[in-house]
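The lines below spell out each chain.
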Amino acid sequence: RKFVLTSHISFSVGWFGAVAAFVALNITALTSENIETIRSAYFSMNLIGWYIILPFCFVSLLTGLVQSLGTQRGLFKHYWILVKLFLTVCSTILLLIHMQLISRGATMASETVFQNAELRDIGTQLLTKAGPALLVLLITIIISVYKPWSKIQLRQKSDNKLTTMEGKKVIKKSWGFKILIGLIILIIIFIIRHLAGGGMNRHSH
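Here the structure is a predicted model, which means the values were calculated and not measured. (Residues numbered from 1 in each chain as written. Predicted model: local features only at pLDDT ≥ 70, side-chain atom pairs only at ≥ 80, totals over all residues. Heavy atoms only, no water.)

(A) Seen up close, the overall build of the protein chain. A count of helices and strands for the protein chain gives 6 helices and 2 strands. Listed by position from the N terminus, the elements making up the protein chain come as α-α-α-α-β-β-α-α. Within the protein chain, the proportion of its 205 residues that are buried is 37%. Within the protein chain, residue pairs in contact and separated by at least 24 positions form 73% of the contacts whose partners lie at least 6 positions apart. Total accessible area on the protein chain stands at roughly 12400 Å², and carbon and sulfur atoms take up 66% of it. (Helix = DSSP H or I, 4+ residues; strand = E, 2+ residues; numbered from the N terminus. Buried < 20%, exposed > 50% of the residue type's maximum accessible area, 1.4 Å probe, protein only. Contact = heavy atoms within 4.5 Å. Areas by Shrake-Rupley, 256 points an atom, 1.4 Å probe, with all protein chains shown as cover.)

(B) Main features of the nonpolar core. One finds Phe 22, Tyr 42, Ile 53, Leu 119 and Leu 126 to be the most contacted residues of the largest nonpolar core, which totals 26 residues. Examining the composition of this core, we find that 8 residues originate from one element, helix 2 (residues 35-69), more than from any other. For Leu 126, the residues in contact, after removing those within four places along its chain, are Phe 22, Asn 26, Met 45, His 98, Leu 101 and Ile 102. Ranked by size, the runner-up nonpolar core spans 6 residues in total, among them Leu 75, Trp 80, Ile 81 and Ile 143. (Core = buried A, V, L, I, M, F, W, Y, C linked by side-chain atoms within 4.5 Å.)

(C) How the structure looks around the side chain of Ser 68. Take Ser 68: it is sitting in helix 2. A distance of 3.0 Å separates the side chain of Ser 68 from the backbone oxygen of Gly 64, its partner in a polar contact. (Polar contact = N/O pair within 3.5 Å; in protein donor to acceptor, adjacent residues only side chain to side chain.)

(D) Here's a closer look at the packing of helix 3 (residues 79-109) against helix 4 (residues 116-146). Viewed as axis vectors pointing N to C, helix 3 and helix 4 meet at an angle of 160°, and their least axial separation amounts to 10 Å. Taken together, helix 3 and helix 4 sit at an angle that is classed as roughly antiparallel. As helix 3 packs across helix 4, the resulting crossing turns out to be left-handed. Contact with helix 3, carried on its side by Trp 80, Val 83, Lys 84, Leu 87, Ser 91, His 98, Leu 101, Ile 102, Arg 104, Gly 105, Met 108 and Ala 109, involves Glu 118, Leu 119, Ile 122, Gln 125, Leu 126, Lys 129, Val 136, Ile 139, Thr 140, Ile 143 and Ser 144 of helix 4 and no other residues of that element. Taken together, the residues that form the contact of helix 3 with helix 4 break down as 13 nonpolar, 6 polar and 4 charged. (Axes fitted to C-alpha atoms, helices over the stretch in contact; angles between N-to-C directions. Parallel < 35°, antiparallel > 145°, perpendicular 65-115°, else oblique. Left-handed = near helix turned anticlockwise from the far one by under 90°. Nonpolar A, V, L, I, M, F, W, Y, C, P; charged D, E, K, R; others polar.)

(E) Region of interest: the packing of helix 1 (residues 2-31) against helix 4. The contact between helix 1 and helix 4 brings their axes to 9 Å, and the two run at 155°. Relative to helix 4, helix 1 is oriented roughly antiparallel. The handedness of the crossing between helix 1 and helix 4 comes out as left-handed. From helix 1, Trp 15, Phe 16, Val 19, Ala 20, Phe 22, Val 23, Asn 26, Ile 27 and Leu 30 reach across to helix 4, where they touch Arg 120, Gly 123, Thr 124, Leu 126, Leu 127, Ala 130, Gly 131, Leu 134, Leu 137, Leu 138 and Ile 141. Considered class by class, the residues forming the contact of helix 1 with helix 4 number 15 nonpolar, 4 polar and 1 charged.

(F) Just empty space enclosed by the protein, in detail. By the definition in use, this model includes 1 cavity of 30 Å³ or more. The computed volume of the largest cavity comes to approximately 40 Å³. Contributing to the lining of the largest cavity are Ala 29, Leu 30, Ile 38, Tyr 42, Asn 116, Leu 119 and Arg 120. Going through the elements one at a time, helix 1, helix 2 and helix 4 are the ones with two or more residues in the lining of the largest cavity. Per-element accounting of the lining of the largest cavity gives the leading share, 3 residues, to helix 4. (1 Å grid on protein atoms, 1.4 Å probe; cavity = no way out; pocket = protein on both sides within 12 Å on 5 of 7 lines; lining within 4 Å. Points joined across faces, edges and corners; volume = space filled by probe spheres on them.)

(G) Representation of the packing of aromatic side chains within the structure. Enumeration over the complete set of coordinates arrives at 1 aromatic pair. The aromatic ring of Trp 80 is capped on one face by Lys 147, whose charged end is 5.2 Å from the ring centroid. (Phe/Tyr/Trp six-rings, centres within 6.5 Å; stacked < 30°, edge-to-face > 60°. Lys NZ or Arg CZ within 6 Å of the ring centre and 35° of its normal.)

(H) Highlighting the side chain of His 8. Along the chain, the position of His 8 falls in helix 1. Its relative accessible area of 9% is what places His 8 among the buried residues. Within the structure, His 8 has its side chain in polar contact with the backbone oxygen of Ser 60 (distance 3.1 Å). Apart from the residues lying within four places of it in its own chain, the contact partners of His 8 are Ser 60, Thr 63, Gly 64, Gln 67 and Lys 84.

(I) The arrangement of helix 3 in detail. Here helix 3 is 31 residues long and its end C-alpha atoms lie 44 Å apart, about the 45 Å a rise of 1.5 Å per residue gives. For helix 3, a buried count of 23 out of 31 residues is recorded, marking the element as mostly surrounded by other parts of the structure. (Expected span 1.5 Å × (residues − 1).)

These figures capture arrangement, not role.
Below you can see the structure in the form of structure tokens.
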């Protein structure tokens, strides 16, 4: 249990640190006037993306699931665990969507004919995604420390109480549950709008 917990914390914080380094390189690529500096920044972003951010993302998700399912906390007993899981899954999906764009930036930076305008457009797209991603990862860390919202309450039908169906467990409505639903809806809307706006097709060109 301690090994899994240590691994989860290490890879989660490492994921955050890698994205922070990615953002720093991204800003450097957009603000520098030196061609070699710009190329080096895009090469480094590509390496960090494929060999640090992506593996750390999957290991963090896997160890989080193992830790939840292997302890008394469970996966569906606390709102903060569900919120963390949802944020991590969404971050993983969006990361996979944008990995091709990161590689495209590195490939374009290596070309003999340096197309700075198009490369800058790619860098701007990456920064508008990496910045919010860094914020989401920070939120997941804060949630892990403070563990907000109440525990998900499950209760069985009692003869003295009005409930829905006999023998069924129902989730007691609370503000935590409403916040969770609202957060899920907002992130789903963001993903749908992103994909509908040509996210996948734009990244593949």
